[in-house]
Amino acid sequence: MDENKDFSSKAYLDMELLRFTTAGSVDDGKSTLIGRLLYDSKSIFEDQLESVKRASVKKGNEQINLALLTDGLRAEREQGITIDVAYRYFATPKRKFIIADTPGHVQYTRNMVTGASTANAAIILIDARNGVTEQTYRHSYISSLLQIPHLIVCVNKMDLVDYKEEVYEEIKETFSAFASKLVVKDIRFVPISALKGDNVVEHSKNMSWYQGGTLRHILENIHVGSDLNHIDPRFPVQYVVRPISDKFHDYRGYAGRIAGGVFRKGDRVMVLPSGFVTTIESIDFYNESLEEAYPPMSVTLRLKDDLDISRGDMIVKENNVPRVEQDIDVMMCWMNDKPLQPRMKYHLKQTTNDVKCMVKEIKYKVDVNTLDRIEDGNDLKMNEIARVSLRTTKPLFFDSYRQNRQTGSIILIDEATNNTMGVGMIV
Amino acid sequence: MKKYNINHLRELESESIFIMREVAAQFENPALLFSGGKDSIVMVHLAKKAFYPALLPFPLVHIDTGHNFEETITFRDDLVNELNAQLIVGSVQESIDSGKVAEEKGYNASRNLLQTVTLLDTIEKHKIDAALGGGRRDEEKARAKERFFSHRDEFGQWDPKNQRPELWNIFNGRKLMGEHFRVFPLSNWTEMDIWQYIYLEDIKIPSLYFTHEREVFYRDGMWLANASFMMKRDTEEVITKRVRCRTIGDISCTGLTVSTADNLEDIIQEIAATRVTERGGRADDMRSDSAMEDRKKEGYF
């Protein structure tokens, strides 16, 4: 079937990571597609397949129900639905993949948002028989809202429309017209049959009119290097390393993960909120000293001057500072059945910062199926998305989510239960 | 690899280090659950890198079933010495002696389930508010649903249907008194990633992972190690074979692989060729389709 897997360590170390998300229900052929990607990359093992077979028979399914591979919870298997996000892993000789597999119905918008938050790519599944539907709009809008850089639109079940090019072209046209309303850098289309395997891993003999790559080829080759922000240097201080030992008596390092830009040894940097300017003396990673560091590396910075710096502070460049404000507008997705209302107070987390905030106003809601604005400022219920204005107790250091997914995202936490209630993308 | 890209193992490493630092920053009294297996050894290695040149900011906790391979204990003690770390041992034998749990009986008796009680007692006794574990989502389908920061109520229970949403790399470790967290920095690693990383970083692992001669017997499709406390049927003959461990757990539930692999390259090739998951050799998971989910709800690792 496919090339021999090369697991020599040299090849393995040259692999990149690609995280992608899928949304949908059993009817869309989502599980069949994931099952095929896993199966064809030999990532389904005999004991897993056996256990799925046993479970399928027990449930009275005639065919092997591949959804049972990802529906890991008892309740999901009993009800035959995906409730939560499941993560699946597979590797080809070129890349390692993490799939965030999410349910697709509107009452699981929050799960789709969760799966999309870390994804480099989203697979949008369209049933060739039904064409573009409300669900297509919803999945695409969420992908765009969460700023997934690459959309791969799979027109599935081509076998059921006799592999007709016109069907594919019509869907492509309808989708493209709609997509002009979205903010997505890169959209690809591929006609497939997940069930029969057309254009998933191997080129389809039934669709010689399609000249593009197979789904797997696309997944292996989309350029992910530019997905992270390499322009605006941002280093949220996460933890202060102070050994207090004889050997490292004066060592004081600021540990964190680079959230944007490139930091080099000797760079002049500014510390927020104090505004002090100093120089990077060393970029440490374990017992090495690095010349430069960039996202998503976790490193420890040492600075020339002894300053008062703690968790929640941010190290940036003098000539490129983030916004420092207490009033922010976010696109908020609500995740809890206790709705958000104006004047309510929450804990707010952003990068390594913890503050409190108050809801000033719900400006408008978005209908995730049509992208229409709804004027309704009363409350924001679970699975709804709205533009919300917040006032924080202390200034945040942030960029717009569009500029930087790390410094532009927040979560709200209930003060009584400590549950994560809502998530926001700073406008 | 293009400029300003890092390869997937370094990205996973960076993610895990970030999680460990979050734990050290967000919690008062974290601890690292150490079993002596490869995943927890990788965890210790990552923790060393995360906080260097300081010592680990948390103790290691070992839940000792009393049915361990001897090599595991020797390895653990050497590592603790080398790191100058603090070790807390929770003893299942003590939980049995004090009447908190009853030993399972019969041929498939195992202390695996009993560990949960000892673990929860140890967490309570030492007021641990975050227990770092080496669980991976690729291991088992219930684990595939687990969060990095997994909330436990005051009974140590996991509520899989009501987990906190977890987005980007913002982790909510807020909790009420008496509650705690289990944190899984290796969530996104696969078995292959672990082995490649051990190879890349030249991490020391117990000799049990390499082929060695051992007295074994065959039961329910797997080779188990012979030990005085293992009840054997008359039909189960003890023979000597060259085997190695693919995972290391309690002797009573660790299936052994017949293998000649005596170095990491060979182990990696063996894992690449295998058609069975690593937990396929774990008797504790084969008890039912939801064995892992059920144990996890009760507070298992």
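Definitions and limits used
Residues numbered from 1 in each chain as written. Chains lettered and ligands numbered in written order. Predicted model: local features only at pLDDT ≥ 70, side-chain atom pairs only at ≥ 80, totals over all residues. Helix = DSSP H or I, 4+ residues; strand = E, 2+ residues; numbered from the N terminus. Rg over C-alpha atoms; globule rule 2.2 N^0.38 Å. Buried ≥ 20, exposed ≤ 12 C-beta atoms within 10 Å, placed from the backbone. Contact = placed C-beta atoms within 7 Å. Pairing = 2+ DSSP bridges. Axes fitted to C-alpha atoms, helices over the stretch in contact; angles between N-to-C directions. Parallel < 35°, antiparallel > 145°, perpendicular 65-115°, else oblique. Left-handed = near helix turned anticlockwise from the far one by under 90°. Nonpolar A, V, L, I, M, F, W, Y, C, P; charged D, E, K, R; others polar. pLDDT = per-residue confidence, 0-100. Core = buried A, V, L, I, M, F, W, Y, C linked by C-beta atoms within 7 Å.

1. Quick look at the overall build of chain B
Okay, step 1: Helices and strands together make up the secondary structure of chain B, namely 8 helices and 10 strands.
Okay, step 2: Relative to its length of 301 residues, chain B is compact, with a C-alpha radius of gyration of 19 Å against a globular reference of 19 Å.
Okay, step 3: Reported as C-alpha extents along the three principal axes, the dimensions of chain B are approximately 55 × 55 × 40 Å.
Okay, step 4: Counting only residues that meet the buried cut, chain B has 56% of its 301 residues in that class.
Okay, step 5: By sequence separation, contacts in chain B at least 24 residues apart represent 76% of the contacts at least 6 residues apart.

2. Digging into the pairing of strand 9 (residues 253–257) of chain A
Residues and elements named next belong to chain A.
Okay, step 1: Most of strand 9 sits out of view: 5 of its 5 residues are buried.
Okay, step 2: Here strand 9 shows a buried face lined by Gly 253, Ala 255 and Arg 257 and a second buried face lined by Tyr 254 and Gly 256.
Okay, step 3: With 3 bridges connecting them, strand 8 (residues 239–241) and strand 9 associate as antiparallel partners. By the bridge assignment, Tyr 239 is partnered in strand 9 with Ala 255.
Okay, step 4: Both strand 9 and strand 15 (residues 298–303) contribute to a ladder of 4 bridges, which runs antiparallel. Across the sheet, Arg 257 pairs through a bridge with Ser 298, a residue of strand 15.

3. Digging into the packing of helix 2 (residues 38–51) of chain B against helix 6 (residues 191–201) of chain B
Residues and elements named next belong to chain B.
Okay, step 1: Where helix 2 contacts helix 6, the axes come no closer than 11 Å and their chain directions differ by 50 degrees. Viewed along their axes, helix 2 and helix 6 adopt a mutual orientation that is oblique. Crossing handedness for the pair helix 2 and helix 6: left-handed. Side by side, helix 2 and helix 6 meet where Lys 38, Asp 39, Val 42 and His 45 of the first sit next to Ile 194, Tyr 197, Ile 198 and Glu 201 of the second.
Okay, step 2: Of the residues belonging to the contact of helix 2 with helix 6, the class tally is 4 nonpolar, 1 polar and 3 charged.

4. Observations regarding the sheet that holds strand 1 (residues 30–33) of chain B
All names here are of chain B.
Okay, step 1: Strand order across the open sheet formed by 6 strands is 3-2-1-4-6-5, with mixed pairing between neighbours. The sheet is open, and its two borders are formed by strand 3 (87–91) and strand 5 (149–152), each paired with just one other strand. Averaged over all pairs of adjacent strands, the angle between their axes in this sheet comes to 30 degrees, without regard to strand direction.
Okay, step 2: Here 5 bridges tie strand 2 (residues 60–64) to strand 3, and the two strands are oriented parallel to one another. The residue of strand 3 that forms the bridge with Val 61 is Ile 88.

5. Quick look at the confidence of the model for chain B
Okay, step 1: Confidence in the prediction of chain B, expressed as mean pLDDT, is 88, and 96% of residues score 70 or more.
Okay, step 2: Per the prediction output, this complex has pTM 0.92; the corresponding ipTM is 0.92.

6. Considerations on the nonpolar core
Okay, step 1: Counting 182 residues, the largest nonpolar core has A:Cys154, A:Val155, B:Leu32 and B:Leu132 as its most contacted members.
Okay, step 2: The dominant element in this core, judged by the number of residues it contributes, is helix 1 (residues 8–26) of chain B, at 9 residues.
Okay, step 3: Setting aside anything within four residues of it in sequence, one finds B:Leu32 in contact with B:Met43, B:Val44, B:Ala47, B:Phe58, B:Leu60, B:Val61 and B:Leu132.

7. Thoughts on unusual backbone geometry
Okay, step 1: In this structure, the amide linkage connecting A:Leu272 to the following residue, A:Pro273, adopts the cis form with an omega of 10 degrees.
Okay, step 2: On the secondary structure map, A:Pro273 appears in the loop between strand 11 (268–272) and strand 12 (277–285).
Okay, step 3: Between B:Tyr52 and the following residue, B:Pro53, the backbone shows a cis peptide bond with an omega angle of 0 degrees.
Okay, step 4: Along the polypeptide, B:Pro53 turns up in the loop between helix 2 and strand 2.
Okay, step 5: With a phi close to 40 degrees, A:Thr351 is a non-glycine residue in the positive phi region.

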